[in-house]
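Observations on the three-dimensional arrangement
Read off the chains here:
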Amino acid sequence: MSYHNFEEYNIKVTDKIRNQYSNIINEVGEDAAREGLVKTPERAAKAMQFLTQGYQQDAAEILKGAMFKENYSEMVIVKNIELYSLCEHHMLPFFGKAHIAYIPNGHIVGLSKLPRVVDVFARRLQVQERLTHNILECINNTLKPQGVAVVIEASHMCMMMRGVQKQNSVTTTSGFRGQFEKIETRNEFLKLISSDLG
Ligand SMILES: Nc1nc2c(ncn2[C@@H]2O[C@H](COP(=O)(O)OP(=O)(O)OP(=O)(O)O)[C@@H](O)[C@H]2O)c(=O)[nH]1
Ligand SMILES: [Zn+2]
């Protein structure tokens with residue numbers, strides 16, 4: 001299931017979350033009944049369901065849906081995949097880019113499925129480290145490639161808007177399996193994702 005428009009939202013769940021948002025709005029000193037805010041709890045309820053829809057989705061099934069037999073065994077890289085997630089500590093966004101590479105082992109995967117896998121795991125309450133591993137393990141266990149690599153670079157709103165209030169820090173996480181555990185292969189990947197031609 002994925003949410004494309006508001007009609008697809010579960011009415012019971014939306015109602016429950018809407019009531020909670022109404023309470024939050026009143027508790028922070030606003031008036032949830034004032035004109036500009038009347039529809040806000042419902043919008044926020046739907047936005048929250050959109051941002052956490054990954055719990056209803058199966059990333060392995062998405063990959064399995066587009067695996068093709070092919071003897072190509074060079075590195076395949078999809079880089080600069082934009083991602084938006086919610087940190088599980090503050091439920092504030094963290095956002096940035098994912099870079100994914102794999103070396104096929106008899107099967108290639110439809111390219112669009114890699115960003116789809118990123119979205120399935122990003123649309124949950126996450127820490128950047130687990131998000132990185134979720135993507136890595138899903139590709140490794142489903143596609144069973146000769147190797148897989150995932151790098152995520154992200155900025156965390158909980159470190160920008162509040163707390164330590166650092167606007168320019170970027171957190172990088174990475175994971176490597178199979179051939180990418182070898183330093184030359186890993187370095188080739190890291191070089192390609194940092195070049196404009198990669
Ligand atoms: N490792 C990791 N930490 C994260 C991530 N997102 C947020 N955090 C951190 O989670 C930590 C929670 O620490 P706490 O001390 O319990 O929370 P806090 O008092 O709000 O901390 P401050 O953010 O330092 O004000 C903070 O250091 C956040 O920066 C993430 O994806 N990975
Ligand atoms: Zn946070």
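Residues numbered from 1 in each chain as written. Chains lettered and ligands numbered in written order. Predicted model: local features only at pLDDT ≥ 70, side-chain atom pairs only at ≥ 80, totals over all residues. Heavy atoms only, no water.

1. Describing the side chain of Ser85
Note the cut-off: The helix count covers DSSP runs of H or I at least four residues long, the strand count covers runs of E at least two residues long, and both are numbered beginning at the N terminus. Contacts described as polar in this section are N or O atom pairs within 3.5 Å, which, within protein, must combine one atom able to donate a hydrogen with one able to accept it, while residues neighboring in sequence count only if both atoms come from side chains. Contacts between residues were defined by any pair of non-hydrogen atoms, one from each residue, lying within 4.5 Å.
Turning to its location among the elements, Ser85 is positioned in strand β2 (residues 76–87). Here the side chain of Ser85 touches Ala122 through a polar contact of 2.7 Å, landing on its backbone oxygen. Here Ser85 is in contact with Leu92, Pro93, Phe94, Ala122, Arg124, Gln126 and Leu131, once residues within four sequence places are set aside.

2. Topic: the pattern of salt bridges
To keep it simple, the criterion reads: A side-chain nitrogen of Lys or Arg and a carboxyl oxygen of Asp or Glu constitute a salt bridge if their distance falls within 4 Å.
This model, assessed by the stated rule, comprises 6 salt bridges. Glu88 is the salt-bridge partner of Arg130, the closest N and O atoms lying 2.6 Å from each other. Here Arg130 is found in helix α5 (residues 128–143), whereas its partner Glu88 is found in the loop between β2 and β3 (93–103), with 42 residues between them in sequence.

3. Observations regarding the pairing of β3
Within a regular beta strand, the side chains point alternately toward one face of the sheet and then the other, so they alternate between its two faces. The test is simple: Any two strands between which DSSP finds at least two bridges are classified as paired.
Of the pairings in the sheet, the one linking β2 to β3 comprises 9 bridges and is antiparallel in character. Considered in β3, the bridge of Leu83 is made with Gly96. A loop of 5 residues connects β2 with β3, the two strands running antiparallel in sequence, and Met91 in this loop sits at a positive phi of about 55°. Of the strand pairs in this sheet, β3 and strand β6 (residues 147–156) are connected by 10 bridges, and their pairing is antiparallel.

4. Some remarks on unusual backbone geometry
The phi torsion of most residues other than glycine is negative, and most of the peptide bonds are trans. The backbone of Asn80 shows a phi angle near 60°, a positive value even though the residue is not glycine. Mapped onto the elements of the fold, Asn80 is located in strand β2. Even without being a glycine, Lys144 presents a positive backbone phi close to 45°. Tracing the chain through its elements places Lys144 in the loop between α5 and β6.

5. Considering the site of ligand 1
For clarity, the cut-off: When at least one non-hydrogen atom of a residue lies within 4 Å of a molecule or strand, that residue is treated as near it. Here the open area of atoms and residues is found with the Shrake-Rupley method and a 1.4 Å probe, where only the protein chains shown may cover a residue.
The environment of ligand 1 is made up of Cys87, His89, His90, Val127, Gln128, Glu129, His156, Cys158, Met159, Arg162 and Gly163. The contact in question runs from an oxygen atom of ligand 1 to an N or O atom on the side chain of Arg162, over 2.9 Å. With the chains in place, 50% of the 630 Å² that ligand 1 exposes on its own is no longer accessible.

6. Comments concerning the coordination of the zinc ion (ligand 2)
Perfect tetrahedral coordination of a metal by four donors corresponds to 109.5 degrees between them, and perfect octahedral coordination by six donors corresponds to 90 or 180 degrees. As a reminder of what qualifies: Each metal's donors are the N, O and S atoms within 2.8 Å of it, or within 3.2 Å when it is Na, K or Ca, and because water is not part of the set, sites may look incomplete. Residue burial is assigned from relative accessible area. The probe radius is 1.4 Å, only protein chains are included, and a residue is buried under 20% of its type maximum, exposed over 50%, and partly exposed in between.
At this site the zinc ion (ligand 2) is bound by Cys87 (SG), His90 (ND1) and Cys158 (SG), with donor distances of 2.0 to 2.3 Å. Site description for the zinc ion (ligand 2): donor spacing in sequence, C-x2-H-x67-C. In this pair, His90 is assigned in the loop between β2 and β3 and Cys158 in helix α6 (residues 157–160), connecting sequence segments 68 residues apart. For His90, a relative accessible area of 35% gives the class partly exposed.

7. So, the nonpolar core
Taken as a class, soluble globular proteins show a tendency for nonpolar side chains to be buried jointly. Formally: We define a nonpolar core as any set of buried Ala, Val, Leu, Ile, Met, Phe, Trp, Tyr and Cys residues linked to one another through side-chain atoms lying within 4.5 Å.
Core analysis: the biggest nonpolar cluster contains 29 residues, and Ile100, Leu114, Leu131, Ile135, Ile139 and Ile152 have the highest contact counts within it. Elements that contribute at least two residues to this core include exactly α3 (59–64), β2, β3, α4 (113–122), α5 and β6. Apart from the residues lying within four places of it in its own chain, the contact partners of Leu131 are Leu83, Ser85, Phe94, Val118, Phe121, Ala122, Gln126 and Ile152. Of all hydrophobic cores here, the second largest spans 10 residues; its members include Ala101, Ala149, Val151 and Phe180.

8. Section: α4
Listing the buried residues of α4 in full gives Leu114, Val117, Val118, Val120, Phe121 and Ala122. Considering only its buried residues, α4 is in contact with α3, β2, β3, β4 (107–109), β5 (125–126) and α5.

9. Brief notes about the UniProt feature "domain: GTP cyclohydrolase I" (unreviewed entry) in the chain
Quick note on the threshold: UniProt positions are given in the numbering used here, feature names are shortened, and annotations may be inferred rather than shown by experiment.
Residues annotated in UniProt with the feature "domain: GTP cyclohydrolase I" (unreviewed entry) correspond here to residues 18–193. Secondary structure over residues 18–193 splits into 39% helix and 28% strand, and the C-alpha atoms at its two ends are 42 Å apart.

10. Quick notes on the packing of aromatic side chains
Convention followed: Any two rings among Phe, Tyr and Trp, with Trp reduced to its six-membered ring, count as a pair given centres within 6.5 Å; such a pair is stacked if its planes are under 30 degrees apart, edge-to-face if over 60, and tilted if neither. Comment: the charge-over-ring label is applied if NZ (Lys) or CZ (Arg) is within 6 Å of the ring centre and within 35 degrees of the ring normal.
By the definition in use, this model includes 3 aromatic pairs. Between the aromatic rings of Phe180 and Phe189, the centroid separation amounts to 5.8 Å while the plane-to-plane angle is 75°, which identifies the pairing as edge-to-face. The same class applies to Phe180 as to Phe189, namely buried. Of note, Arg186 hangs over the ring of Phe176, and the distance from its end group to the ring centre comes to 4.1 Å.

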